Structures are given as structure tokens and as C-alpha cells.
Amino acid sequence: MKQLVLFYFIIMALSASAQNNVNIVPMPAEVKLGTGNFVISPSTKIILEGSNLEKTAQFLNNYLQKNYGFSLKIQKENVTANAIILNYERMDMPIAGAYLMNITKEEIYIAGDNEAGAFYGMQTLLQLLPVSQNVQSLKNNIQLSIPQLAIKDYPRFAYRGMHLDVARHFFPVSFIKKYIDYLAAYKFNRFHWHLTDDQGWRIEIKKYPLLTKVGGYRNGTIIGRYPGTGNDSLNYGGFYTQAQIKEVVKYAADRYIDVIPEIEMPGHASAAIAAYPQLSCFPDEDTPYPAKCVWAGPTKGKQVQQTWGVFNDVFVPTENTFKFLEDVIDEVIPLFPSKYIHVGGDECPKENWKRSAFCQQLIKDKNLKDEHGLQSYFIQRIEKYINGKGKKIIGWDEILEGGLAPYAAVMSWRGEDGGIAAAKENHDVIMTPGTYCYLDHSQTKNEDSVTIGGYLPLEKVYGYEPIPAVLNASQQKHILGAQGNLWTEYIKNENKVEYMIFPRMSALAEVLWSPKNKRNWKDFERRLPAVFNYYKSLGTNYSKAYYELEATVIAALDSNATVAWSLESKSKEEEITVTYNGPLKIFLQQQAKGILKMPISQQGIYTGLSASSKLSQQFFFNKATGKKITLVNEPSKSYPGNGAFTLVDGVQNEKGLAKSIEFLGFNGTDLDATIDLGKVMEINEAVAHVLEETGSWIYRPASIEAFVSVDGITFTSAGKSDIFMQVYPLNKVSVSFQQIQTRYVRVLIKNSGVIPAGSAGAGEKAWLFVDEIEVK
């Protein structure tokens, strides 16, 4: 107890705040900085004053040996100086895992409120150690000086998760362990292991060996972004034996991380059905594949999918299927001590259930309302079986459809609405909305590698607040935490995994661990260079996008320009130049603190250049470019583009979803825009640039209609069109009419409505994606 008293004495005596001098991530709840240093050398001892702290001590020793070339003697008897002491202290925090740290000239004292707390304190200590790109120099100079300080720290959320999909692309046990080490370094305590999907079954089930022998491998993979430019025709796959699963689970447990397995059902089941066709509603039907994709190998019978998306071949809810899943669960549960089993439940098309006589009869027999009710029946039956084994289920927010299983936790990914609805029904929730937590999304507008699309910059991750303000205090208690997700359709290797998660995972760690009132973006930004040095010291790949040149199209700065191109460098004093490929020469606009705002007065290709990066943008002008525009319906929060101005910014998307930041997305609603041309002028055509990618539920519009007005109050229809040329994936839909004098142009683009039968997502609302409106 003497250390605890000393800790609080030092807290009172030291400087008021060390937040601007300490580079720890996540930032501790309380940090007080002293004036001297403690030096770790080979003569320093690790003292175990508390029991069962050997794992934490050994972890520290392994880190020191790997990075600095020496380890420390571990002993239980106390010494008076030059020691790292591990112990316990009662802290009475609402969530376990709190710790105290006190570093003086003589010793380092770390006390957790439990074993995990001591481990988290040790992870904080590792971030205080000096780093260098010259590892050998550190090993030659084994005097590790760290600042004297005092810390009181504790987690904000009980569930701090990271996810990894190994079904689309497989990663060996060695990398899974490395991934877990990354989680441990940032105090995450849940690893969500996505083990099965349409493209591969990755966990050995001894009773059903074909799951891995057949379902674990596919005959090829599309090349590039969906639908792909071809197929690599390579047999691809892999799986984890049950012995390897146990090895990974123990490895994680030694780092106080629970591993939550995901076994997808009732959708995303193609790999399982390829192994055992009787699990399908239609066992004798060949596996269909998108017409726009190139297929490799046999096309007859059931096959593991070679492309990405949502597929209609889902589990049939027969007694045989439930027996199969119960057998699988019986082998999965002993491998994972976690109280949760993730059962997926997302993106389950209902088409095959609708045309299955068996399913339709089952709906009647069970007095279910429809196919959504059938999915609820499916999930609830599986939940009851898993509950009987002493476990609980987690499902994606689609399990809300048709009625939520009684004890299920919900993982809210399609925004926050599902999590809010579940919390209001007193169900536990893990927030993981795509707009904040999907780390497979592009982290720069100028991404040069293939990603799933979207745009999720570092600062947006850091700004996420997992507890929705609309929930009352009792409902907020059901928000257990949040999770970062990494889906691997376009992530084939370990370097790409690291590039996608870092530094965004570090930002999410601070969201989940640090007190809300301690989160400070400016201070996190200040710590980034040290964070990057930490990655380098570990030999970890990471994205440097935050410091690269970033461009945004904005409204014109003066009457001589149509729009303006704003370029910004986080290296505030960098000089930025712009070249134009037309008759103009290289020119430099006056800038302030790394920001250049370039008036664009003629269309063409402009190239911005700074010391950190280079990027180009082509501008296309028409009578609507840069003009004032208003919308009747707001776009989805998932695809907001740059607001309504996106539609008149002179930028035409040429890369589809790879540049989804350039689209406005409307889910089931129409685009209704009015453009003020600024003065009366003659026009005879309205053109909309749209996207069609049916595998992602994005459909061409049903029609486009133009209305005109001189006063902006009374509008008349100038023309309507609902016949469009088939162009995939980028389309231009247009309506032409006789020359007419007008100032205001209203463009109404009708959503196609409900996704048709036989298509992925049948019965769901279609998406309408528009990136530019031209008026000619």
C-alpha cells in the first residue's frame, strides 16, 4: 500500500498536466509528468509483488530482448531500487482493466485492478521506451531512459474490438498472432475472427471434412475491382486446424484478448454449400455467378464463389441444416472460451426462400409473416441451441428484421439505427458503423491501390462517438463499445492489412479507451509523428496519407473562375505548385500555411505538387458547373459526397466505387435538385452521370426529367426520358428538348425503386448514385 500512497503524493506534487508532453496512445485518463528519468538497464529487476503476473513480466522481457537485445531477471522478493514492480491495487472503476503507474528515479511501479490492468500498464510502459530506426544502436547502448511520471488510467468501454476477415483472403497463423499483438499494444480486448463466407471456409470441422477440403478453396479470383478485368485461375485457399485455432486463442488469452469466431448463417453460405449441396434450397442447381465476371474452372454443380458480393444460394432451414449447424457449433464452442459466438445474419437474400416450396410451407406451418420472419426463426433457433451451451450470440443488425432473438447482442454496421433500436429493446450493442469503423475503406481521396471504396480519413475515425445522444441513460448502458472492421476482398497480403489499419486503428483505440473529455484531436495530431516512429520501430507498414497532399473542389473564389481547387498539406509550410496541361505554364498561387486555393477558369487537367505527394484533377465545364444548387432529399449519410456541390463541381467520376467520395448516394429515394444558372440562358439538355453496380445494389435510375423556371417559383416540364443506353458501370442518362430560355433548372432523377427478383438484395431498396449534373 506504500506505493499507492506515494503515487497520490506524487500526483499532487507534479506538474498540472503532461498531456502535451507524453506520446502515449490511447491517452491515459490522468498523466502527471516529473522532472527526471528512470533508466532501464540489464541490471534492472522485474519484481512480482502480485500473483499470476508472470505472463505480463515475460511479455515485457520478450519485447526487450527482441528490440533491445537484453532481458531482465524476474523475481518475487522486493528490492529497494532499480526495479520494475508489478502489483495489484483496488481502484473501484466500473470497467475492469484500470491501472496505476508511478515512475520515479529509483523504480517503476505498475499496479492493475486485475491481471489485464497490469498488462495494460506494461503496454503503456513499452510506448515510453526510446525508439530508433537503427535497432543495432539501441542494442549497443542498453540504457533505456524514460521520463518520471505518474498515471492513473482506465478503459471507457468494456468491448474494444478489431475484426479480421480471413474468408476472402487467408492469412497464416504467424500473421494472426502479429495482428493480435497489434491489438494488445493498443489495449483492444476483442478479436472478431471472420472464419466463413462465400469465398472460403477456414475452420476445421472434423465431422464435416469437406468444409475445408472443398469449401476451403476456390478455383480462381477476379482480378481487380468488381466485376474484375479477368480471373487469375489460381486455386486459392487455406484453413486453420483445430490445433491452430487453440494455439491462436491461447496466444490471444495471454494478451487478455477474447477471440470471437464468426460462422456465417443463413446467408454467405456458398463455401459450405459447395461442400454439402444438400444445405441449399436447390441442391441440383449450378452455382450462378455474375454475368460480368470471368469464371475459372468447372461451372457445373455447387462451387465456392470467385468474386465478391451477395449471393442467393443460402442455407435451407431444414432439420438437416439445423443438425449440420448444431454439429458445427458443437466443435466450435470448445475451441473458444469467449461467451460470444458470432452467427453473422447479414445480407441474406430471400429469393431462394421465396421460390422454395419447402420454405413457403414452413412459413405457413410456423405462422411466420414472411421471409424476414423465417430469418428470425432461423436465428432464434440457433440462438436457443447456443444459449443451451452456455454462450450468447452476436449478429449483424439484419437480425433485427422479423424480430430480434431474445438474448442476442447486435453489431450495428449499417449506420447506427440498428444499434439504437436494439438498445431501446434492452439488447447489448457493439457499434461498428461503416462510415466510421470500416477500415477497408479508402483513407485518402487519392488512393492509388484498389479498395472496396468509401472514404474514411484518420480524423473521422478519431471523431467517432459510439454512444448515440438519442438514447437515455439506461439505454446507453447497453452500448458495450465499438469495433473496427477489416474486410479483405481487396487485401491480399499482410503489408496491405497493416497499411489499411494504421494509423486509423490507433485513433479508434483512443475512442474506445480514453475518457470522452480527454479526447483531443489536436493533441492526437501532435502525437502522430511519435506514433509513426513507433510503427517503424516494430517494422510495421502504415499509411502516410495524413501527411500527403489533399485536394477538394470548392465554390469559385471570384467571378472570373468557375470553381476553385483547394490543396492542403498537413506539413503546414510546404510550398505547393500547380501545373496546367494547356497553354498556361507552371504557376504558383499565393498560399498560407500549406494551403493553396486555385481558381479554375478553364477546363483541363491540373496537377498539384508538394514535397510529400503529387496529384491531378481533370475539370469539365458546362452551364451548371459551380452554380448554386439545392436538394429536396438529402443523400444517405453513408454516401454524402461533398454535399450538393458534388453535382456541379466539374469533376466527373471515372473510377466507380473506387472514388465513392465523388458520388451522392440515395437509398430508395429520388434525387431532386434545382440549379440556379445565375442568369437567363438557352439550354436544350440535362445530363446526369450515374453508377450502375447491381452486385452492390446500385441501379440506374428509372427516369430523368428536367423542369425550367425563370423566377425559381413556377416550373414547367421541359422533357422526360426513361430509355438509356446500356453502359457499365458508369452511365450518362440524359433528357433533351428544344432550346428554351431559363434561369432555374430542376432535375428530377427517379430511383429505380425495389431491387427485382433474382438479383442480389431482391426486395430491398435500390441505391441511386449520381456524381455530376450537366446542363447544356
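In this text the structure is predicted, and so the values were computed from the model without any measurement.

It is worth spelling out the overall build of the chain at this point. Counting its regular elements, the chain contains 19 helices and 32 strands. Relative to a compact globule of 776 residues, whose C-alpha radius of gyration would be 28 Å, the chain shows 29 Å and is just as compact. Counting only C-alpha atoms, the chain reaches 95 × 70 × 50 Å along its principal axes. The 776 residues of the chain split such that 59% are buried. Sequence-distant contacts in the chain: of pairs separated by 6 or more residues, those separated by 24 or more amount to 72%. Here the chain has roughly 30300 Å² of accessible surface; of this, 51% comes from carbon and sulfur atoms. For the chain, the distance from the average position of its 80 positive side-chain charges to the average position of its 81 negative side-chain charges is 3 Å.

Per-residue confidence for the chain averages 92 on the pLDDT scale, and 94% of its residues sit at or above 70. Predicted confidence is poor over residues 1-18, with pLDDT under 50, and the contacts of this stretch with residues over four places away or in other chains come to 31 contacts. Note that pLDDT drops below 50 for residues 584-588; the model gives that stretch 11 contacts with residues more than four away or on any other chain.

For the rest of this paragraph, the subject is the sheet that holds strand β17 (residues 409-412). Sheet strands pair via backbone hydrogen bonds, and the direction of the pair is either parallel or antiparallel. Read around the barrel, 8 strands follow the order β8-β9-β14-β15-β16-β17-β18-β19 and close on themselves; strand pairing throughout is parallel. Going from strand to strand, the sheet's axes swing by 30° on average, the running direction of each strand aside. As defined by bridge partners, strand β16 (residues 392-396) adjoins β17 across 3 bridges and the pair is classed as parallel. Pairing of Gly 395 across the sheet is with Val 410, part of β17.

Turning next to the packing of helix α2 (residues 54-68) against helix α3 (residues 115-128). Interhelical geometry of α2 versus α3 gives an angle of 20° and a closest axis separation of 9 Å. For the element pair α2 / α3, the angle class is roughly parallel. Crossing hand, α2 versus α3: right-handed. Contacts from Lys 55, Thr 56, Phe 59, Leu 60 and Tyr 63 of α2 reach α3 at Glu 115, Ala 118, Phe 119, Met 122, Gln 123, Leu 125 and Leu 126. When grouped by side-chain class, the residues that make up the contact of α2 with α3 number 8 nonpolar, 2 polar and 2 charged.

This part is about the sheet that holds strand β24 (residues 604-609). What the 3 strands build is an open sheet, ordered β22-β24-β25; its pairing is antiparallel. Only two strands of the sheet have a single partner each, and these edge strands are β22 (577-580) and β25 (614-619). Each adjacent strand pair in this sheet contributes to an overall mean axis angle of 20°, direction not counted. Pairing of β22 with β24 involves 4 bridges; the strand directions are antiparallel. If you follow Thr 579 over to β24, its bridge partner there is Thr 607.

Spanning 13 residues, helix α5 (residues 173-185) covers 18 Å between terminal C-alpha atoms, matching the ideal 18 Å at 1.5 Å per step. With 10 of its 13 residues buried, α5 lies for the most part within the structure. Among the residues of α5, Val 173, Phe 175, Ile 176, Lys 177, Tyr 179, Ile 180, Tyr 182, Leu 183, Ala 184 and Ala 185 are the ones counted as buried. Once α5 ends, the next one or two residues include Lys 187, with phi positive near 65°.

Following the sequence through the fold, Ser 537 ends up in helix α19 (residues 521-538). Residues Ser 537 and Asn 62, 475 residues apart in the sequence, show an inter-C-alpha distance of 15 Å.

In a regular helix each residue adds 1.5 Å, so 18 residues correspond to 26 Å; α19 covers 24 Å between its end C-alpha atoms and thus fits that length. Within α19, the axis deviates most sharply at Leu 528, by approximately 40°, and proline Pro 529 lies no more than four positions further along. For α19, the capping residue at the N-terminal end is Asn 520, with a side-chain oxygen 3.0 Å from the backbone nitrogen of Lys 522. Where α19 ends, the next residue or the one after it, Gly 539, has phi of about 70°, a positive value.

Burial within strand β14 (residues 258-265) is extensive, with 7 of its 8 residues counted as buried. With 5 bridges connecting them, strand β9 (residues 190-194) and β14 associate as parallel partners. Residue pairing for β14: Phe 191 is matched across the bridge by Val 259. Note: β14 against strand β15 (residues 340-344), 2 bridges, orientation parallel. Looking across to β15, one finds that Glu 262 is bridged to His 342.

What follows covers the side chain of Thr 124. As for its placement among the helices and strands, Thr 124 is situated in helix α3. Among all residues touching Thr 124, those that are not within four sequence positions of it are Ile 24, Tyr 99, Met 101, Ile 151 and Lys 187.

Okay, the nonpolar core next. Counting residues in each nonpolar core, the largest one holds 155 residues, and the members touching the most others are Tyr 186 and Trp 193. Here this core takes 9 residues from α5, the largest share from any one element. Other than its neighbours up to four places away in sequence, Tyr 186 contacts Val 25, Pro 26, Gln 127, Phe 502, Met 505, Ser 506, Ala 509, Val 531, Tyr 534 and Tyr 535.

The next subject is empty space enclosed by the protein. Empty space left among the atoms is revealed by rolling a probe the size of a water molecule over them. Across all of its chains, the model carries 5 cavities of 30 Å³ or more by this definition. In this model, the largest cavity occupies a volume close to 170 Å³. If you trace the largest cavity, you find 16 residues lining it, with Gln 443, Thr 444, Pro 457, Ala 545 and Tyr 546 closest to the centre. Split by residue class, the lining of the largest cavity holds 7 nonpolar, 4 polar and 5 charged.

Packed helices, taken two at a time, are described by the angle between their axes plus the distance between the axes. At a minimum axis separation of 10 Å, α5 and helix α7 (residues 242-253) run at an interaxial angle of 20°. Accordingly, the angle class assigned to the pair α5 and α7 is roughly parallel. With respect to the hand of their crossing, α5 and α7 are arranged in right-handed fashion. Side by side, α5 and α7 meet where Val 173, Ile 176, Lys 177, Ile 180 and Asp 181 of the first sit next to Gln 244, Glu 247, Val 248, Tyr 251 and Ala 252 of the second. Here the residues of the contact of α5 with α7 sort into 6 nonpolar, 1 polar and 3 charged.

This part takes up the pattern of salt bridges. Under the definition given, this model contains 33 salt bridges. The salt bridge partner of Asp 197 is Arg 168, with a shortest N-O separation of 3.5 Å. Placement of Asp 197 in strand β10 (residues 196-197) and of Arg 168 in the loop between β8 (159-165) and α5 is noted, with a sequence separation of 29 residues between them. With relative accessibility at 1%, the residue Asp 197 sits in the buried group.

All right, on to the packing of aromatic side chains then. Inspection of the entire model under this criterion finds 43 aromatic pairs. Ring centres of Phe 532 and Tyr 542 lie 4.7 Å apart, and the angle between their planes is 35°; this geometry places the pair in the tilted category. Residue Phe 532 is found in helix α19, and its partner Tyr 542 is found in the loop between α19 and β20 (550-555); the two are separated by 10 residues along the sequence. Accessibility assignment for this pair places Phe 532 and Tyr 542 in one class, buried. Three or more aromatic residues joined by ring pairs make a cluster, and in this case those are Tyr 182, Tyr 186, Tyr 462, Phe 502, Trp 521, Phe 524, Phe 532, Tyr 534, Tyr 535, Tyr 542, Tyr 546 and Tyr 547.

Calculation notes
- Residues numbered from 1 in each chain as written.
- Predicted model: local features only at pLDDT ≥ 70, side-chain atom pairs only at ≥ 80, totals over all residues.
- Heavy atoms only, no water.
- Helix = DSSP H or I, 4+ residues; strand = E, 2+ residues; numbered from the N terminus.
- Rg over C-alpha atoms; globule rule 2.2 N^0.38 Å.
- Buried < 20%, exposed > 50% of the residue type's maximum accessible area, 1.4 Å probe, protein only.
- Contact = heavy atoms within 4.5 Å.
- Areas by Shrake-Rupley, 256 points an atom, 1.4 Å probe, with all protein chains shown as cover.
- Lys, Arg positive; Asp, Glu negative; His and termini not counted.
- Charge placed at Lys NZ, Arg CZ, Asp CG, Glu CD.
- pLDDT = per-residue confidence, 0-100.
- Pairing = 2+ DSSP bridges.
- Axes fitted to C-alpha atoms, helices over the stretch in contact; angles between N-to-C directions.
- Parallel < 35°, antiparallel > 145°, perpendicular 65-115°, else oblique.
- Left-handed = near helix turned anticlockwise from the far one by under 90°.
- Nonpolar A, V, L, I, M, F, W, Y, C, P; charged D, E, K, R; others polar.
- Expected span 1.5 Å × (residues − 1).
- Bend = angle between axes of the 7 residues up to and from the residue.
- Polar contact = N/O pair within 3.5 Å; in protein donor to acceptor, adjacent residues only side chain to side chain.
- Core = buried A, V, L, I, M, F, W, Y, C linked by side-chain atoms within 4.5 Å.
- 1 Å grid on protein atoms, 1.4 Å probe; cavity = no way out; pocket = protein on both sides within 12 Å on 5 of 7 lines; lining within 4 Å.
- Points joined across faces, edges and corners; volume = space filled by probe spheres on them.
- Salt bridge = Lys/Arg side-chain N within 4 Å of Asp/Glu carboxyl O.
- Phe/Tyr/Trp six-rings, centres within 6.5 Å; stacked < 30°, edge-to-face > 60°.

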